[in-house]
Amino acid sequence: MNLQGKKGLVVGIANDQSIAFGCARAFRDAGAELAVTYLNDKAAPHVVPLAEQLGCPIVVPCDVREPGQLEAVFERISQQWGRLDFLLHSIAFAPKEDLHGRVVDCSQAGFAMAMDVSCHSFIRMAKLAEPLMPDGGCLLTVSFYGSEKVVEDYNLMGPVKAALESSVRYMAAELAPKKIRVHALSPGPLMTRAASGIARFDELLERTRARLPAHQLVSIEDVGAVAAFLVGDSARSLTGNIEYIDAGYHVIGCSELAGET
């Protein structure tokens, strides 16, 4: 994979175990130049050293809940680079009390916040990126299998990720005439900071490992390799996909039903 000369934005690095960092490292190793964001001053000490390690010329704060911050990121890119070839949206959030309860018990405010941060922010990024991609580009976001099947303890994020995946398909169709491609990465469960907010996530990891054909979980490096391919020119004919990076988890049926008629 050769990303020499390409410029990309990575939103969502929390630490060196983040899916976003695995992707950023793969982008950089393939030759891309990156802009990286961090959530706030509290997050900066964990993210800025990683951005420096990647040689990022643009490192800026971005909390999509704060008015104007996302727009400021793209304004900085416009002023410094004048264009953008790809971006990765790897952020999600839901209030703990809504995330840990049943979907039918979630509050209106909690549902709205989860949708805004986890889904609508990607739509906002697409709109801001569009004028910076006159020759085409690629937009990536991160989803999970819980968007299409009920995964125990995933709860509110299931409907939110389903909306995100549907948005990917619609934006892929709308932006295709401008040669802007849109995909969702759907990794298997990974122990990241974001995942730690899901109740009993360690149990989910072990249940997943037991179901996998090779009984081996994927890594952030595995996700990064696929992401780097998708933003490259070799994937120019692909758009609107939900790319499973889960070692075959999504093709395995329920073992409890085996043998029943």
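Quick summary incoming for the structure in this document. Keep in mind it's a predicted model, so treat the numbers as computed, not measured.

1. Concerning the environment of Asp41
Move 1: Residue placement: Asp41 occurs in the loop between β2 (33–38) and α2 (44–53).
Move 2: Accessibility expressed as a relative area gives 67% for Asp41, which makes it exposed.
Move 3: In sequence terms Asp41 and Gln216 are 175 residues apart; their C-alpha atoms lie 36 Å from each other.

2. Overview of the environment of Val160
Move 1: For Val160, the location among the structural elements is in helix α6 (residues 157–175).
Move 2: In this structure the C-alpha to C-alpha distance between Val160 and Cys119, which are 41 residues apart in sequence, comes to 6.8 Å.
Move 3: Not counting residues up to four positions away in its chain, the partners in contact with Val160 are Ala114, Met115, Ser118 and Cys119.

3. A word on the packing of aromatic side chains
One pair of aromatic rings is described through two measures. These are the centre distance and the angle between the planes.
Move 1: Taken as a whole and assessed by the stated rule, the structure comprises three aromatic pairs.
Move 2: Aromatic pair Phe144 and Tyr154: ring centres 4.8 Å apart, planes at 55°, arrangement tilted. In this pair, Phe144 sits in the loop between β5 (137–142) and α6 while Tyr154 sits in the loop between β5 and α6, placing the two residues ten residues apart along the sequence. Comparing Phe144 with Tyr154, the two get one shared label, buried.
Move 3: For the pair Tyr145 and Tyr249, a centre-to-centre distance of 5.4 Å together with 90° between the ring planes defines the contact as edge-to-face.

4. Section: the packing of helix α1 (residues 19–29) against helix α8 (residues 220–231)
Move 1: Put simply, α1 and α8 touch, their axes get as near as 7 Å, and they point 50° apart. Compared by their axis directions, α1 and α8 come out oblique. Handedness of the crossing formed by α1 with α8: right-handed. Residue-level inspection shows Ile19, Gly22, Cys23, Arg25, Ala26 and Phe27 of α1 in contact with α8, the latter providing Ile220, Glu221, Val223, Gly224, Ala225, Ala227, Ala228 and Val231.
Move 2: In terms of residue class, the contact of α1 with α8 is built from ten nonpolar, two polar and two charged.

5. Concerning helix α3 (residues 69–80)
Move 1: The end-to-end C-alpha distance of α3, which contains twelve residues, comes to 17 Å, matching closely the 16 Å that a straight helix rising 1.5 Å per residue would cover.
Move 2: If you check which residues of α3 are buried, you get Leu70, Val73, Phe74 and Ile77. Buried residues of α3 fall within an arc of 90° about the axis and therefore sit on the same side.
Move 3: Positive phi appears at Gly82, one or two residues downstream of α3, with a value of about 80°.

So, how was this worked out
- Residues numbered from 1 in each chain as written.
- Predicted model: local features only at pLDDT ≥ 70, side-chain atom pairs only at ≥ 80, totals over all residues.
- Heavy atoms only, no water.
- Helix = DSSP H or I, 4+ residues; strand = E, 2+ residues; numbered from the N terminus.
- Buried < 20%, exposed > 50% of the residue type's maximum accessible area, 1.4 Å probe, protein only.
- Contact = heavy atoms within 4.5 Å.
- Phe/Tyr/Trp six-rings, centres within 6.5 Å; stacked < 30°, edge-to-face > 60°.
- Axes fitted to C-alpha atoms, helices over the stretch in contact; angles between N-to-C directions.
- Parallel < 35°, antiparallel > 145°, perpendicular 65-115°, else oblique.
- Left-handed = near helix turned anticlockwise from the far one by under 90°.
- Nonpolar A, V, L, I, M, F, W, Y, C, P; charged D, E, K, R; others polar.
- Expected span 1.5 Å × (residues − 1).
- Arc of directions from axis to C-beta.

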